[in-house]
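Descriptive structure summary
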Amino acid sequence: MKEKLIISLLTFWSFSLFGQEKIDNSKPTNLYQRINAVAEFNDSGTYGTRLIFNGVPKDNILYSIELPLLYKEGVEGQKGKFGVGNIRARFFHVTHKNYAKTLGAFGYSVDVFVPGQEGIGDNNLMISPGVLVGVIATEKVQFFPIISYQYRSNINTGAAQHGASFQVITPVKFNDNCFIRFTPIWQMPDFRSSSISMAFETQFNYFISPKVQLQLFHLGHEKFGNTFRIGTTIFL
């Protein structure tokens, strides 16, 4: 009886460890429930931590809440400030996914950025719906172009802007444990102006255990400089 119990427990443990589907979050259209905790600092003298929770009520629907807790250094004799930066809420619906085809995915999203503490965020409420297409070039390289409309409203002045952004998330997968994403971004904050700014994101990800991933991130923006992040993703 005791031997049967031990064998049963070992069998259950084996299926739990090896029978789980391998997590592949290199593609943005693969949705997982997870928590991200990253340390962040940038050229403007702001640093702190960023906490992100992704919930997946269905296998093709994701919602996300992002909470930045940041300290901004004072300038010209002013004291620094600690507080909550712009809070981000996101809804993402993947309506189609078949990676065997060249056009292997389609989805739409809505992002809402709510201003945080005065002096930490940018005082702008932003609503940004967008659409995404997945182009499956090879098993290891894909392209996910996203075009988004952006509405901004300054909470202090009431001034509104209508603009757009275009980006291409490009994952390159080295193996089951390691991938990198390259994302060029073009932004036109206001349709009334022809000014377009460019940014480039690089994100390296490595699984240090089946459900814990190390993340290194760099964002270079031609107007706002560099942002660096290091942290972990825990899959639930």
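For every chain, the first residue of the written sequence is number 1, and numbering continues from 1 along that sequence. Only residues with pLDDT of at least 70 get local features here, since the model is predicted, and only at 80 or more are side-chain atom pairs given and counted; chain-wide, interface and lining totals rely on the full set of residues. As a convention, hydrogens and water are excluded, and side-chain values are obtained from all of the structure's heavy atoms.

A word on the overall build of the chain. Of regular secondary structure, the chain possesses one helix and 13 strands. Judged by the C-alpha coordinates and their principal axes, the chain covers about 75 × 45 × 30 Å. Buried, partly exposed and exposed residues are distinguished by accessible area as a fraction of the type maximum, computed with a 1.4 Å probe on protein chains only: under 20%, between the cut-offs, and over 50%, respectively. With 236 residues in all, the chain has 38% of them scored as buried. The contact criterion used is simple: two residues touch if any of their non-hydrogen atoms lie within 4.5 Å. A sequence separation of at least 24 residues applies to 43% of the contacts in the chain between residues at least 6 apart. Charge assignment: positive for Lys and Arg, negative for Asp and Glu; neither His nor the chain ends contribute. In this description, the location of a charge corresponds to atom NZ of lysine, CZ of arginine, CG of aspartate or CD of glutamate. Put simply, the chain has 22 plus and 17 minus side-chain charges, and the middle of one group is 6 Å from the middle of the other. Helix numbering and strand numbering both begin at the N terminus, where a helix is a DSSP run of H or I of at least 4 residues and a strand a DSSP run of E of at least 2.

Looking now at the nonpolar core. Nonpolar cores were defined as sets of buried Ala, Val, Leu, Ile, Met, Phe, Trp, Tyr and Cys residues, with membership established by side-chain atoms within 4.5 Å. In terms of nonpolar packing, the biggest core is built from eleven residues, these being Leu31, Val56, Leu62, Phe92, Val94, Ala105, Leu132, Ile136, Phe144, Ile146 and Ile169. Mapped onto this core, the elements with two or more residues apiece are β5 (87–97), β7 (124–136) and β8 (142–154). Residues contacting Ile136, with those up to four places away along its chain left out, are Tyr99, Lys101, Thr102, Gly104, Val141, Gln142 and Phe144.

Stacked, tilted and edge-to-face are the three classes assigned to paired rings of Phe, Tyr and Trp, where Trp is represented by its six-membered ring and a pair needs centres within 6.5 Å; plane angles under 30 degrees give stacked, over 60 edge-to-face, the rest tilted. Scanning the model with the defined rule gives eight aromatic pairs in all. Feature note: the residues Tyr32, Phe207 and Phe235 constitute an aromatic cluster, connected by ring pairs. The ring of Phe207 carries Lys22 above its face, with NZ or CZ at 5.4 Å from the centroid. Only when the NZ atom of a Lys or the CZ atom of an Arg is both within 6 Å of the ring centre and within 35 degrees of the ring normal do we say a charge sits over the ring. The ring of Phe92 carries Arg90 above its face, with NZ or CZ at 4.8 Å from the centroid.

Attention now moves to the side chain of Glu40. As for its position among the elements, Glu40 is in strand β1 (residues 34–42). Taking the relative accessible area as the measure of exposure, Glu40 reaches 5% and is therefore buried. Any N or O atom pair separated by 3.5 Å or less is treated as a polar contact, with the protein-specific requirement of one donor-capable and one acceptor-capable atom, and with residues adjacent in sequence counted only for side-chain atom pairs. Within the structure, Glu40 has its side chain in polar contact with the side chain of Arg229 (distance 2.8 Å). Beyond its immediate sequence surroundings of up to four residues, Glu40 is in contact with Thr46, Tyr47, Gly48, Arg50, Leu70, Thr227, Phe228 and Arg229.

Right, let's talk about the pattern of salt bridges for a bit. When a carboxyl oxygen of Asp or Glu is within 4 Å of a side-chain nitrogen of Lys or Arg, the pair counts as a salt bridge. Here the structure, examined in full by the defined rule, presents ten salt bridges. The partner of Arg88 in a salt bridge is Asp111, with the nearest N and O atoms 2.8 Å apart. Of this pair, Arg88 sits in strand β5 while Asp111 sits in strand β6 (residues 103–114), and the two are 23 residues apart along the sequence. What makes Arg88 partly exposed here is its relative accessible area of 27%. In the salt-bridge network here, residues are joined through shared partners; they are Glu40, Arg50, Glu66, Arg88, Arg90, Asp111 and Arg229.

Time to look at unusual backbone geometry. Even without being a glycine, Asn123 presents a positive backbone phi close to 65°. For Asn123, a relative accessible area of 13% corresponds to the buried category.

This brings us to the environment of Ile155. Following the sequence through the fold, Ile155 ends up in the loop between β8 and β9 (160–175). Along the chain, Ile155 and Ile230 lie 75 residues apart, while their C-alpha atoms are 31 Å from each other. Sequence-distant contacts of Ile155, defined by excluding residues within four places in its chain, comprise Pro115, Asn123 and Leu125.

Side chains Asn124, Met126, Ser128, Gly130, Leu132, Gly134 and Ile136 of β7 all project onto a buried face; the interleaved residues Leu125, Ile127, Pro129, Val131, Val133 and Val135 project onto a face where none is buried. At least two bridges found by DSSP between two strands is the condition for calling them paired. The pairing of β7 with β8 spans nine bridges and is classified as antiparallel. Paired with Asn124 across the two strands is Asn154, which belongs to β8.

Right, let's talk about the side chain of Arg181 for a bit. Position of Arg181 relative to the elements: it lies in strand β10 (residues 178–188). Although Arg181 is buried, it makes no salt bridge; Glu201 carries the closest opposite charge, 7.4 Å away. A polar contact of 3.0 Å, which involves the side chain of Arg181, links it to the backbone oxygen of Ser26. Those residues within four positions of Arg181 in sequence are excluded, and the remaining contacts are Asn25, Ser26, Lys27, Pro28, Ile169, Thr170, Pro171, Glu201, Thr202 and Gln203.

Honestly, that's just the spatial picture; any functional story needs more than this.
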